Amino acid sequence: MNHDEQEEIQKLLRLKRHEVPPPGYFRDFSAGVMARIHREEATRPVPWWRRQTLPWSPSARMAWSNALTLVGLGVVACSLYITSVTGPEGNPSLITSQPQLGGLGLGSESKGSLVPNTSLLSMESPIEIRMIPIRATAPADTNPFPQGLFQLPENPSVRVGFGPNR
Amino acid sequence: MEPPAESAQPNRPTSAADEVAEVRKLVREAQSGDLSAYDELVRRHQERIYGLCYHMTSNHEDAHDLAQDAFVKAWQAIRTFKGDASFYTWVYRIAVNTCLNHLKTKRNRTLHLSLNDLEINPENDPELVALVSERTPRRDAGLSELHRRLNESMLKLSEEHRAVVTMHDIQGMPHDEIAKVLGVNPGTVRSRLFYARQQLQAWLSDLVG
């Protein structure tokens with residue numbers, strides 16, 4: 001195929017440039033494209049993450065407010081839990097959150113606390129409670145106690161506790 | 001007194017540089033979601049995109065749908081447009097791919113022509129009048145017959161060869177730009193063009209003389 005033949009073919013193909021739509025055909029063409037774009041966007045599912053980035057629509061506003069409320073409630077719940085576990089000074093003891101009753105003269109007063117600082121739940125060795133017999137005395141103007149009413153064994157003891165050896 | 005064309009479209013830029021700047025501005029606005037800016041971009045490119053689709057399919061209805069498809073796809077992907085090429089090259093590439101996909105999926109379908117829907121008026125082009133009246137051996141073959149033969153021959157070409165003939169010989173696009181659109185070397189464009197013309201010459205030998 002020589003150059004002239006190529007030129008002839010090109011001239012012939014240029015005839016096709018005159019195959020154009022009738023006048024006014026393109027007047028509504030872009031409107032058709034816009035209508036299709038609107039249709040496609042209305043039917044196409046929008047991903048949830050994209051939906052939330054759209055301009056403030058009522059649904060997005062409600063979703064954001066719900067999410068913020070949930071996050072706020074979560075923060076409050078977490079802070080309450082942490083406070084109850086660690087205490088206000090960060091000491092992981094349940095006892096320190098109890099009211100200080102040392103002023104009443106009850107229990108151990110070594111640290112001004114009602115009970116020992118060791119938690120009851122963490123106690124492993126049983127506590128030995130010794131029962132000391134007391135002598136009952138009655139006033140002279142009353143009848144004496146019946147014999148054998150308060151007879152206790154010598155040096156009685158009861159082992160109580162929460163440890164594994166119980 | 002201003003010329004009628006300018007007074008009819010006062011917002012249109014007057015120079016090529018203004019046109020490029022204006023298109024870039026419209027693209028930026030469209031990328032930020034401004035549909036009216038995209039509408040203006042469609043208006044500026046619709047005839048060439050439609051022409052590409054028509055010459056690829058030789059069918060008016062298909063060309064209409066494919067051109068609209070291409071613009072809808074371009075809108076959906078406009079945020080990915082980086083501006084490396086011109087917007088025209090980018091949207092043209094989308095249209096070519098849309099046409100090629102359409103032709104491949106409907107390769108076995110009977111293709112039909114719809115020249116009656118189109119206006120064929122080469123009388124305005126003296127060169128073509130001379131071509132038809134002097135160089136066409138079968139003078140009794142009317143213009144419609146000539147176009148029918150041309151379109152039949154175009155449809156015999158493979159999609160890739162038809163694309164380069166459409167872009168270069170019909171729409172006048174340079175080799176380099178065709179290469180950008182198709183994502184191939186300019187040498188590949190030239191060789192496809194040569195082979196396509198060779199085939200067309202064989203099929204239209206009685207018209208070429």
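For clarity, every value in this text was computed on a predicted model and none was experimentally measured.

Reading the values: rules and limits
Residues numbered from 1 in each chain as written. Chains lettered and ligands numbered in written order. Predicted model: local features only at pLDDT ≥ 70, side-chain atom pairs only at ≥ 80, totals over all residues. Helix = DSSP H or I, 4+ residues; strand = E, 2+ residues; numbered from the N terminus. Buried ≥ 20, exposed ≤ 12 C-beta atoms within 10 Å, placed from the backbone. Contact = placed C-beta atoms within 7 Å. Expected span 1.5 Å × (residues − 1). Bend = angle between axes of the 7 residues up to and from the residue. Axes fitted to C-alpha atoms, helices over the stretch in contact; angles between N-to-C directions. Parallel < 35°, antiparallel > 145°, perpendicular 65-115°, else oblique. Left-handed = near helix turned anticlockwise from the far one by under 90°. Nonpolar A, V, L, I, M, F, W, Y, C, P; charged D, E, K, R; others polar. pLDDT = per-residue confidence, 0-100.

Some thoughts on the overall build of chain A
The helix and strand inventory of chain A stands at 4 helices and 3 strands. Each helix (α) and strand (β) of chain A, taken in turn from the N terminus, gives the series α-β-α-α-α-β-β. A total of 166 residues make up chain A; the buried ones form 5% of that total. Across chain A, the fraction of contacts at a sequence separation of at least 24, relative to all contacts at a separation of at least 6, is 48%.

Some details on the overall build of chain B
Tallying secondary structure elements over chain B gives 11 helices and 1 strand in all. Helices and strands appear in chain B in the N-to-C order α-α-α-α-α-β-α-α-α-α-α-α. Expressed as a percentage of contacts within chain B between residues at least 6 apart in sequence, the contacts between residues at least 24 apart total 65%.

Overview of helix 3 (residues 35-57) of chain B
Residues and elements named next belong to chain B. An ideal rise of 1.5 Å per residue puts 33 Å on 23 residues; helix 3 reaches only 29 Å between its terminal C-alpha atoms. Taken as a whole, helix 3 carries its principal kink of about 55° at His 45. Positioned one or two residues after helix 3, Ser 58 has a phi angle of 55°, which is positive.

Things to note about the packing of helix 3 of chain B against helix 4 (residues 60-76) of chain B
All names here are of chain B. Close contact between helix 3 and helix 4 brings their axes to 8 Å; oriented N to C, the two are set at 135°. By the angle between their directions, the pair helix 3 and helix 4 is classed as oblique. Of the two possible hands of crossing, helix 3 and helix 4 adopt the one that is right-handed. Between helix 3, through Tyr 38, Val 42, Gln 46, Ile 49, Tyr 50, Cys 53, Tyr 54 and Thr 57, and helix 4, the contact on the second element is made entirely by His 60, Asp 62, Ala 63, Leu 66, Ala 67, Ala 70, Phe 71 and Trp 75. Split into classes, the residues belonging to the contact of helix 3 with helix 4 amount to 12 nonpolar, 3 polar and 1 charged.

A closer look at the environment of B:Gln68
With respect to the element layout, B:Gln68 can be found in helix 4. Once the C-alpha coordinates of B:Gln68 and B:Cys53 are considered, the two residues, 15 residues apart in sequence, prove to be 9.9 Å apart. Excluding residues that lie within four positions of it along the chain, B:Gln68 makes contacts with A:Gly32, A:Val33 and A:Arg36.

Concerning the interface of chain B and chain A
If you look at the interface, chain B gives 33 residues, while chain A gives 27 residues. Here the side of chain B that touches chain A takes 8 residues from helix 3 of chain B, the largest share from any one element. Partitioned by chemical class, the residues of the side of chain B that touches chain A number 19 nonpolar, 7 polar and 7 charged.

A look at helix 5 (residues 87-105) of chain B
Since the α-helix advances by 3.6 residues per turn, residues separated by three or four positions end up pointing in the same direction. All names here are of chain B. With 19 residues, helix 5 ought to run about 27 Å at 1.5 Å a step, and its terminal C-alpha atoms sit 27 Å apart, in line with that. What helix 5 keeps buried is the set Phe 87, Trp 90, Val 91, Tyr 92, Ile 94, Ala 95, Val 96, Thr 98, Cys 99 and Leu 103. In the core, the buried residues of helix 5 are packed alongside helix 2 (16-31), helix 3, helix 4, helix 8 (159-170) and helix 9 (175-182).

Some points on the packing of helix 8 of chain B against helix 10 (residues 186-203) of chain B
Residues and elements named next belong to chain B. Helix 10 packs onto helix 8 with a crossing angle of 95° between their chain directions and a minimal axis gap of 9 Å. In terms of their interaxial angle, helix 8 and helix 10 are classed as roughly perpendicular. In contact with Glu 160, His 161, Val 164, Val 165 and His 168 of helix 8, helix 10 contributes Val 189, Arg 192, Leu 193, Tyr 195 and Ala 196. Taken together, the residues of the contact of helix 8 with helix 10 sort by class into 6 nonpolar, 2 polar and 2 charged.

With respect to the confidence of the model for chain A
All names here are of chain A. This prediction gives chain A a mean pLDDT of 70; 46% of its residues lie at or above 70. Mean pLDDT values over the elements of chain A span from 62, in strand 3 (residues 157-160), up to 91, in helix 2 (residues 29-43). A low-confidence stretch, residues 93-114 stays under pLDDT 50, and its non-local contacts, those more than four residues away or across chains, total 26 contacts.

With respect to the confidence of the model for chain B
Fine structural detail should not be taken from predicted coordinates in areas where pLDDT scores are low. Residue and element names in this part refer to chain B. Of the residues in chain B, 76% have a pLDDT of 70 or more, and the chain-wide mean is 82. Summarising per-element confidence for chain B, the mean pLDDT is lowest in helix 1 (residues 4-8) (38) and highest in helix 4 (95). Taken together, the stretch residues 1-10 has pLDDT below 50 and engages in 1 contact with residues farther than four places along the chain or on a different chain. Overall fold confidence (pTM) sits at 0.59, and the ipTM for the predicted complex is 0.75.

Looking at the environment of B:Thr80
Residue and element names in this part refer to chain B. Counting through the fold element by element, Thr 80 comes out in the loop between helix 4 and helix 5. The class for Thr 80 is exposed, based on 8 C-beta atoms found within 10 Å. Taking the C-alpha atoms as reference points, Thr 80 and Gln 31, separated by 49 residues in sequence, lie 8.6 Å from one another.

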